[in-house]
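The lines below spell out each chain.
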Amino acid sequence: TPQASGPDVRVERDGGIAIVTIDRPAALNALSPDVLRALHAAFESLAADGSAVRGVLLTGAGGRAFVAGADIRAMADLTPEQGEESARLGHRVAGAIEGLAAPVIACVDGFALGGGLELALACDFIYATDASTFGQPEVRLGLTPGFGGTVRLPRAVGLARAKELIYTARRIDAAEAAAMGLVSRTFADRDALFEGARATLAEIEANAAPAVGIAKRVLVAAAGRRTDRAAEIEIAGFGDAFRTEDMREGVAAFIEKREPGFTGA
Ligand code: HXC
């Protein structure tokens, strides 16, 4: 069932799963300010649906690209201040994805470049078809990554590999991206990609939703923090799990040697 969304971003719901599609194929789904605002609105509306949303697949339409980057035409005449503002808008979208309790899988089929790769990196993990291509080509345009590439790419692949990708603007294929841990799994084609992503969401859905949400919140909040601060965030999250009925149920089910009946509470 389609939901309210902008012209360039579609949101469909299938039970507990939401599929968010960036649908601007004539520009290889480039992230114009309108697309970014529509994406932000889409994730805010999914957040407003609360526990009804158990997982999200984020993808691009048209069969050639996930997202080929920020919209280069829209950036040509920006002042430095406007450039900062456009980067801030991208970061707000990333924040909305990371702020959603449900896991978000980036389903990449084609180009994931610049802001497109950065958008994928804001998701919980990346699945891709073999035909996909990744890169941070900003410096070839005289730009630098602005939607989180300098923040999340080093966390995903390590600082040295991130520097190499960003300084060279080199494009890598899905196999190389998977080898460096940027992509979690690769698939022969788009159908297999979605089948695999849905299967993973089904695996997650079998677990305690509050625990998955707390784990995501802790992982996002602790990323990049000093060890002692990260440990405090984890400790508080661990305590929060004890506030949930599903934790009592999960532990009781183990002790009673039966399957848990989670309610999401
Ligand atoms: C605007 C774009 C675009 C982009 C592609 N298009 N990428 N428009 N912004 N990022 C448009 C093209 O202009 C073209 O429009 C149409 O999409 C098809 O693209 P082609 O170039 O004709 O396709 P192809 O020859 O197959 O090459 C595909 C490609 C190339 C290799 C992906 O399009 C490309 O290099 N795109 C730019 C990739 C990039 O540099 N991304 C980083 C952007 S900077 P017409 O009208 O001619 O048909 C960035 C910064 C993030 O992301 C942080 C900002 C704050």
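Structure: see above.
The structure presented is a predicted model; accordingly, all values stated were derived computationally and were not measured. (Residues numbered from 1 in each chain as written. Predicted model: local features only at pLDDT ≥ 70, side-chain atom pairs only at ≥ 80, totals over all residues. Heavy atoms only, no water.)

Colleague: Would you take a moment to explain the site of the ligand for this structure?
Modeller: With respect to spatial proximity, 24 residues lie near the ligand, and among them R64, A68, A70, I72 and G115 are the closest. The backbone of A26 places a nitrogen or oxygen atom 3.4 Å from an oxygen atom of the ligand. Between the ligand and G115, the relevant distance is 2.8 Å, taken from an oxygen atom to a main-chain nitrogen or oxygen of the residue. Expressed as a share of its isolated accessible area of 1,000 Å², the protein-covered part of the ligand is 68%. Of all the secondary-structure elements, those providing two or more residues to the shell around the ligand are α2 (72-75), β6 (111-113) and α4 (115-122). The element contributing the most residues to the shell around the ligand is α2, with three residues. Grouping the constituent residues of the shell around the ligand by class yields 14 nonpolar, four polar and six charged. (Near = heavy atom within 4 Å. Polar contact = N/O pair within 3.5 Å; in protein donor to acceptor, adjacent residues only side chain to side chain. Areas by Shrake-Rupley, 256 points an atom, 1.4 Å probe, with all protein chains shown as cover. Helix = DSSP H or I, 4+ residues; strand = E, 2+ residues; numbered from the N terminus. Nonpolar A, V, L, I, M, F, W, Y, C, P; charged D, E, K, R; others polar.)

Colleague: Got a minute to help me understand empty space enclosed by the protein in this structure?
Modeller: To locate leftover empty space, one rolls a probe as large as a water molecule over the atoms. Tallied over the full model, the rule gives one cavity of 30 Å³ or more. Looking at the largest cavity, its volume works out to about 40 Å³. Lining the largest cavity we find L31, L36, G90, V93, A94, G115, L119 and F147. Sort the elements by how many residues they give to the lining of the largest cavity and helix α3 (residues 80-99) lands first, with three residues. Among the residues forming the lining of the largest cavity, the class breakdown is six nonpolar, two polar and no charged. (1 Å grid on protein atoms, 1.4 Å probe; cavity = no way out; pocket = protein on both sides within 12 Å on 5 of 7 lines; lining within 4 Å. Points joined across faces, edges and corners; volume = space filled by probe spheres on them.)

Colleague: What's the story with the pairing of strand β3 (residues 55-60) in this structure? I'm lost.
Modeller: Remark: a regular strand shows side chains that alternate across the two faces of the sheet. The element β3 is extensively covered by neighbouring structure, given that six of its six residues are classed as buried. Side chains of β3 alternate between two faces, with G55, L57 and T59 and V56, L58 and G60 buried alike. Taken together, the six bridges between strand β2 (residues 17-22) and β3 define a ladder with parallel strand orientation. Opposite V20, over in β3, you have L58 as the bridge partner. Running through helix α1 (residues 33-48), the crossover from β2 to the neighbouring parallel element β3 is right-handed. Here four bridges tie β3 to strand β5 (residues 104-108), and the two strands are oriented parallel to one another. Residue V56 lies in a different strand from β5, and its bridge partner there is V104. (Buried < 20%, exposed > 50% of the residue type's maximum accessible area, 1.4 Å probe, protein only. Pairing = 2+ DSSP bridges. Right-handed = clockwise from strand over helix to strand, strands pointing away.)

Colleague: Looking at this model, I keep getting lost on the packing of helix α9 (residues 209-222) against helix α10 (residues 227-241). Mind explaining?
Modeller: Relative orientation and spacing of two packed helices are given, respectively, by the angle between their axes and the distance between those axes. Running from amino to carboxyl end, α9 crosses α10 at an angle of 170°, the nearest separation of the two axes being 9 Å. Between α9 and α10, the angle falls in the class roughly antiparallel. On the side of α9, the interface is formed by I214, R217, V218, A221 and A222, while α10 contributes A230, I233, E234, G237, D240 and A241. Grouping the amino acids of the contact of α9 with α10 by side-chain chemistry returns seven nonpolar, one polar and three charged. (Axes fitted to C-alpha atoms, helices over the stretch in contact; angles between N-to-C directions. Parallel < 35°, antiparallel > 145°, perpendicular 65-115°, else oblique. Contact = heavy atoms within 4.5 Å.)

Any functional reading would require information beyond the geometric quantities listed.
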